Amino acid sequence: MNIAILNGDSEAASPFQAYLLKLSQKLKDRGHTVIKLDLATLNLKGCSGCWGCWVKTPGECVKHDGSATVRRAIIDSDLTLLASPITMGFTSALLKRAADQMVPLIHPYFVVEGGEIHHRARYARYPLMALLLDAGEQADAEDIEMTTAIWRRTARNLKTRLAFTAVASRDAEEVANELTLVA
Amino acid sequence: MNSLLLLNGSPRGERSNSIKMLERIAEGWRRKGGTVEALHLARRDQFARAVTAFAEAETVLLGMPLYTDAMPAVVKEYIEALMPRVAAAKAGLRNPTLGFLVQSGFPEARHSRPVVRYLEKLAARLGSRYAGTIVRGGGGALEWMPEQANKKLWQQLRVLGEQLARDGQFGAAELKAIAGRERLGPLTVMLATLACKLPLTQSMWNKMLKENGVWERRFDAPYGPAFRP
Ligand SMILES: Cc1cc2nc3c(=O)[nH]c(=O)nc-3n(C[C@H](O)[C@H](O)[C@H](O)COP(=O)(O)O)c2cc1C
């Protein structure tokens, strides 16, 4: 399967970066096609809340920045792995910047789904999502649970679901096996 | 005199729904004799000022729109810039009383609850007294309705501002009232499902699409097969 890894670590030489490289290799060893996007290098301009992606250039951010690469990688993938250190109890501002610019992937029209108001899908299919978190020394189990709860909702708004959350203290071999199982 | 540091976390800055709501809370605060410093996090210079001002403030109110079920990226950047204040609190320094406003496009409060949990813990992480989080759905009403239509909301916000000034926290009953419905009831789900099928419900999007001359392209899907219901 096609796996997109969105790397939300802005530190270039962290242990988490090394872990992601190892994990990518293990996924490739299992026959998957892996694209790892280092969000820090993509010059993401972030969302200014202009609604242009819905009403001016439907499906595309008006900023024409690296966020287009992120959106393409997501739609091309069967599984999108959101990888980030936890800082101040949540995934990085860098990953959030990418997430805010994922809104072009859905359509403005309102729909009711699971008893809640949501937006209509724009694409015929969306990848499963999973979280890979570097808890570091600061984050506790509750931070991981709360971060997961938020991303579970985000995945739902992006017309998919969060398959699971893994922490980078776990063996990369084990995580690669689990990722292979979910998709 | 009591001073309030009012932080607007909307990327839309001065033209945002968030600042409209925050200004009403500030009115309530001023009625109790306090002063207000308002800053937009989306403006780079003001962002920097907001970081230094946090350490000196007595009370901080951070407002934001819900963005993909969480805080907008600029708000997370700001929270990350407060990291030294966690260490400061551990070293026995005081951090300000912290309250929040989360307002969302969808009408139900339910969408905002996970991030509210996060914000409450953020206050604890900073060793700040938690004043509470004002949750309000249906941001479209602020955007597309005349000012008059939101009179009740403005009044509720002023009262919350007064409470913050007087008690250092928002009243539980007032928070509950302003949040409105946690989730849609079964009848509303039925009606909303029907309403979503009517062009009227989507008319504000259609109007903008037409004005911009891209109505025909509204279902464009640049990266893959488009959804067909
Ligand atoms: C990128 C983006 C993501 C959004 N995500 C959500 C969401 O997950 N749930 C929701 O209810 N509203 C969402 N909204 C709608 C805004 O919260 C709503 O329009 C709000 O009133 C905007 O406030 P502002 O004018 O202060 O920026 C989103 C808007 C944008 C631009």
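In the block above lies the structure referred to throughout.
Here we summarise the structure given alongside this text.

Definitions and cut-offs
Residues numbered from 1 in each chain as written. Chains lettered and ligands numbered in written order. Predicted model: local features only at pLDDT ≥ 70, side-chain atom pairs only at ≥ 80, totals over all residues. Heavy atoms only, no water. Contact = heavy atoms within 4.5 Å. Buried area = accessible area lost by both parts, 1.4 Å probe. Salt bridge = Lys/Arg side-chain N within 4 Å of Asp/Glu carboxyl O. Phe/Tyr/Trp six-rings, centres within 6.5 Å; stacked < 30°, edge-to-face > 60°. Buried < 20%, exposed > 50% of the residue type's maximum accessible area, 1.4 Å probe, protein only. Helix = DSSP H or I, 4+ residues; strand = E, 2+ residues; numbered from the N terminus. Lys NZ or Arg CZ within 6 Å of the ring centre and 35° of its normal. Axes fitted to C-alpha atoms, helices over the stretch in contact; angles between N-to-C directions. Left-handed = near helix turned anticlockwise from the far one by under 90°. Nonpolar A, V, L, I, M, F, W, Y, C, P; charged D, E, K, R; others polar. Pairing = 2+ DSSP bridges. Right-handed = clockwise from strand over helix to strand, strands pointing away. Near = heavy atom within 4 Å. Polar contact = N/O pair within 3.5 Å; in protein donor to acceptor, adjacent residues only side chain to side chain. Areas by Shrake-Rupley, 256 points an atom, 1.4 Å probe, with all protein chains shown as cover.

1. Some thoughts on the interface of chain B and chain A
Interfaces are frequently sized by the accessible area removed from exposure as the parts join. In this assembly, 58 residues from chain B lie in contact with 55 residues from chain A. Counting each side, the surface lost to burial between chain B and chain A is near 5,100 Å², with a carbon and sulfur contribution of 61%. The largest contributions to the chain B side of the interface with chain A come from Phe106, Trp205 and Tyr223 of chain B, which together make up 17% of the buried area. Ionic pairing is found between Asp143 of chain A and Lys121 of chain B, a salt bridge with its closest N-O pair at 2.8 Å.

2. As for the packing of aromatic side chains
Applying the stated rule across the entire model yields nine aromatic pairs over all chains. Ring centres of Trp51 of chain A and Trp54 of chain A lie 4.9 Å apart, and the angle between their planes is 15°; this geometry places the pair in the stacked category. Of the residues examined, Trp51 of chain A reaches a relative accessible area of 30% and is grouped as partly exposed. With relative accessibility at 2%, the residue Trp54 of chain A sits in the buried group. Geometrically, the ring pair formed by Phe100 of chain B and Tyr130 of chain B is tilted, given 6.3 Å between the ring centres and 40° between the ring planes. One end of the pair, Phe100 of chain B, is in strand S4 (residues 97-103); the other, Tyr130 of chain B, is in strand S5 (residues 130-136), and 30 residues separate them in sequence. Classification of Phe100 of chain B as buried rests on a relative accessible area of 0%. One aromatic cluster is present, formed by Trp51, Trp54 and Phe110 of chain A together with Trp205 of chain B through successive ring pairs. Its end group placed over the ring of Trp215 of chain B, Lys210 of chain B keeps NZ or CZ at 4.4 Å from the ring centre.

3. Examining the packing of helix H2 (residues 44-56) of chain B against helix H3 (residues 73-81) of chain B
All names here are of chain B. In contact at an axis separation of 10 Å, H2 and H3 are set at 40° when each is read in the N-to-C sense. When you trace H2 past H3, the crossing you get is right-handed. Residue-level contacts link Arg44, Phe47, Ala50, Val51 and Phe54 of H2 to Val74, Glu77, Tyr78 and Ala81 of H3. Here the contact of H2 with H3 is composed, by residue class, of seven nonpolar, no polar and two charged.

4. A word on the sheet that holds strand S3 (residues 59-65) of chain B
Consider a sheet: its strands pair through backbone hydrogen bonds, and that pairing is either parallel or antiparallel. Residue and element names in this part refer to chain B. Pairing within the open sheet is parallel, and its five strands lie in the order S2-S1-S3-S4-S5. Looking at strand neighbours, the two that pair on one side only are strand S2 (35-40) and S5, the edges of this open sheet. In this sheet, neighbouring strand axes are inclined to one another by 15° on average, regardless of whether the strands run parallel or antiparallel. Seen against the sheet, helix H7 (residues 151-167) touches strand S1 (3-8), S3 and S5 and runs at an angle of roughly 175° to S5.

5. Focus on the pattern of salt bridges
Under the counting rule described, the total for this entry stands at 32 salt bridges over all chains. Between Glu77 of chain B and Arg97 of chain A there is a salt bridge, and its shortest N-O distance comes to 3.2 Å. Here Arg97 of chain A lies in helix H4 (residues 93-100) and Glu77 of chain B lies in helix H3, a pairing that spans two chains. By relative accessible area, Arg97 of chain A is classed as partly exposed at 22%. Ionic pairing is found between Glu143 of chain B and Arg12 of chain B, a salt bridge with its closest N-O pair at 3.0 Å. Of this pair, Glu143 of chain B sits in helix H6 (residues 140-144) while Arg12 of chain B sits in the loop between S1 and helix H1 (17-31); the two residues are 131 residues apart in sequence, bridging distant segments of the chain. For Glu143 of chain B, a relative accessible area of 26% puts it in the partly exposed group. Overlapping salt bridges bring together Glu116, Arg153 and Arg156 of chain A together with Asp69 and Arg110 of chain B as one network.

6. Considering the pairing of S2 of chain B
Residues and elements named next belong to chain B. By the bridge criterion, six bridges tie S1 to S2 in an arrangement that is parallel. Paired with Ser3 across the two strands is Thr35, which belongs to S2. This β-α-β element, S1 to H1 to S2, shows right-handed connectivity.

7. Description of unusual backbone geometry
Residue and element names in this part refer to chain A. Positive phi is not limited to glycine here, since Asn43 has a value of about 50°. For Asn43, the position within the fold is in the loop between strand S2 (33-38) and helix H2 (52-55). The phi dihedral of His64 is positive, around 45°, even though this residue is not glycine. Considering the arrangement of structural elements, one finds His64 in the loop between H2 and helix H3 (67-76).

8. A look at the site of the ligand
In the neighbourhood of the ligand, 21 residues make up the surrounding shell, with Ser10, Arg12, Asn17, Ser18 and Gln103 of chain B lying closest. Looking at what sits near the ligand, you find residues from chains A and B. Here an oxygen atom of the ligand and a side-chain polar atom of Arg12 of chain B are 2.6 Å apart. Within the side chain of Ser18 of chain B, an N or O atom sits 2.6 Å from an oxygen atom of the ligand. Summarising the interface, the protein chains cover 93% of the accessible area of the ligand, which totals 640 Å² for the free molecule. Of the residues that constitute the shell around the ligand, the class distribution is seven nonpolar, eleven polar and three charged.

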